Amino acid sequence: MRKPFLCGNWKMNTNRAGAVALAAATAKTAGRIQAVEVGVCPPACYLEAVLAAAKGTALVVGGQNMHTDVGGAFTGEIAGPMLKDLGCTYVILGHSERRHVFGETDEFISKKVHAAFQFGLRPILCVGEKLEERQARETEAVVRRHVTRGFAGLSKEQAGQVVIAYEPVWAIGTGLTATPQQAQEVHAFIRAMLALLYDAALAQQVRIQYGGSVKPDNTRDLLAQPDIDGALVGGASLKADGFATIIAEGAKGKGL
Ligand code: 13P
């Protein structure tokens, strides 16, 4: 069985004291509910403090982004070896805010996926359609492109290590959540694609998170879907109590 993975993406929020307190509280929850994997992705400047709070606990930590290069003249960027050096396990790649606000292309994101493996990090690869794309019935075409390009050139062993986050852009930060059925449909589509790109066993191995206005009161129904293996949670991961409830509800949704 795929171990459910609930991960907070703090985006550009909180401060040092808030980050440490939130990490410590979330680490306690992770220790209490070990049937699911619990992670947080803080702003890069708080990674070290959060990693110190997570040390020796079940909480895993990831970066929110990274550059393709090992280092060099890239003002403002952070390199994979730096994330690894700090102790990160994961790195979010291809988030819709990176794609649509900062103009990252499928090609650039693919290079980052390869760089993540090169430097010993596990990618959380975000995919998902914009509202106008859903309305134009292009959801599958967009998700197919994001997945195909995101997995391009990966060995089966590497592919099995990728976590996919299906995040419909119209559901991010809007309070509009995809219904469990809408999300399940796309998750099943992604799993079928992985079976075509690799094989059925690999498709069953890869964890696919849902992201987009995940809240304490909708987590259980989302996670109850057979192909929803967790959640990537933005705003609602910034409150320790609410995120603890999300983690508990996620476990219940999976019958754990
Ligand atoms: P919200 O949970 O705030 O909608 O954000 C989702 C997201 O983008 C997680 O990566």
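> Just checking my understanding: could you explain the overall build of the chain for this structure?
What the chain contains, in helices and strands, is 12 helices and eight strands. Seen through its principal axes, the chain has C-alpha atoms that stretch 45 × 45 × 35 Å. Residue burial in the chain is summarised as follows: out of 256 residues, 53% are buried. Look at the contacts in the chain between residues 6 or more apart in sequence, and 74% of them connect residues 24 or more apart.

> Whenever I open this one, the sheet that holds strand β2 (residues 37-41) confuses me. Can you help?
The pairing of strands in a sheet happens through backbone hydrogen bonds and is either parallel or antiparallel. The parallel closed barrel is built from eight strands, whose spatial order is β1-β2-β3-β4-β5-β6-β7-β8. Neighbour-to-neighbour, the strand axes of this sheet turn through a mean angle of 25°, independent of strand direction. Two strands pair when backbone bridges link them, and strand β5 (residues 122-127) and strand β6 (residues 163-166) are joined in this way by four bridges, in the parallel orientation. Bridge pairing links I124 to V163 in β6. Packing of helix α12 (residues 240-253) onto the sheet brings it into contact with β1 (5-9), β2 and β8 (230-233), and relative to β1 it is tilted by some 160°.

> What should I look at first to understand helix α5 (residues 106-118) in this one?
Given 3.6 residues per turn, any residue in an α-helix points the same way as the ones three and four places further on. For α5, spanning 13 residues, the distance from its first C-alpha to its last is 18 Å, which sits close to the expected 18 Å at 1.5 Å a residue. Residues of α5 that are buried make contact with β4 (90-93), α4 (96-100), β5, α7 (139-150) and α8 (156-159). One or two positions beyond α5, positive phi appears at G120, with a value near 80°.

> It is not clear to me how the packing of aromatic side chains should be interpreted in this structure. Could you clarify?
Two descriptors summarise a pair of aromatic rings, namely the distance from one centre to the other and the angle between the planes of the rings. Tallying each qualifying case throughout the model produces three aromatic pairs. The lysine or arginine in question, R98, covers the ring of F102, its NZ or CZ lying 4.1 Å from the ring centre.

> Help me out: how do you make sense of the site of the ligand in this one?
For the ligand, the full set of nearby residues is N9, K11, H95, E167, A171, I172, G173, G212, S213, L232, G234 and G235. Between the ligand and K11 there is a distance of 2.8 Å, counted from an oxygen atom to a side-chain nitrogen or oxygen. Between the ligand and E167 there is a distance of 2.9 Å, counted from an oxygen atom to a side-chain nitrogen or oxygen. Classifying every residue of the shell around the ligand by side-chain character gives three nonpolar, seven polar and two charged.

Cut-off values and rules
- All residue numbers refer to positions counted from 1 along the written sequence of the respective chain.
- Local features in this predicted model are restricted to residues of pLDDT 70 or higher, and side-chain atom pairs are both shown and tallied only at a pLDDT of 80 or more, whereas totals for entire chains, interfaces and linings draw on every residue.
- Water and hydrogen atoms were dropped before computing side-chain values, which therefore reflect all heavy atoms in the structure.
- Helix and strand labels come from DSSP, where a helix needs a run of H or I of at least four residues and a strand needs a run of E of at least two; each type is numbered from the N terminus.
- Note on classification: 1.4 Å probe, protein chains only; a residue is buried when its accessible area is under 20% of the maximum for its type, exposed when over 50%, partly exposed between these limits.
- A contact between two residues is defined here by any heavy atoms of the two lying within 4.5 Å.
- Pairing between two strands is assigned when DSSP locates at least 2 bridges connecting them.
- Axis lines are fitted to C-alpha atoms, over the contacting stretch for helices. Their N-to-C directions set the angle, which ranges from 0 to 180 degrees.
- A helix is expected to span 1.5 Å for every residue after the first.
- Note on aromatic pairs: the rings of Phe, Tyr and Trp (six-membered ring only in Trp) are paired at centre separations within 6.5 Å, and the planes decide the class, stacked below 30 degrees, edge-to-face beyond 60, tilted for the rest.
- By definition, being over a ring means that NZ of Lys or CZ of Arg is both within 6 Å of the ring centre and within 35 degrees of the ring normal.
- Residues are classed as near a molecule or strand on a simple rule: at least one heavy atom within 4 Å of it.
- Pairs of N or O atoms within 3.5 Å make up the polar contacts considered here, provided that, within protein, one atom can donate a hydrogen while the other can accept it, and that residues adjacent in sequence are counted only when both atoms are side-chain atoms.
- Following the grouping adopted for this structure description, the nonpolar residues are Ala, Val, Leu, Ile, Met, Phe, Trp, Tyr, Cys and Pro, the charged ones are Asp, Glu, Lys and Arg, and the polar ones are all others, Gly among them.

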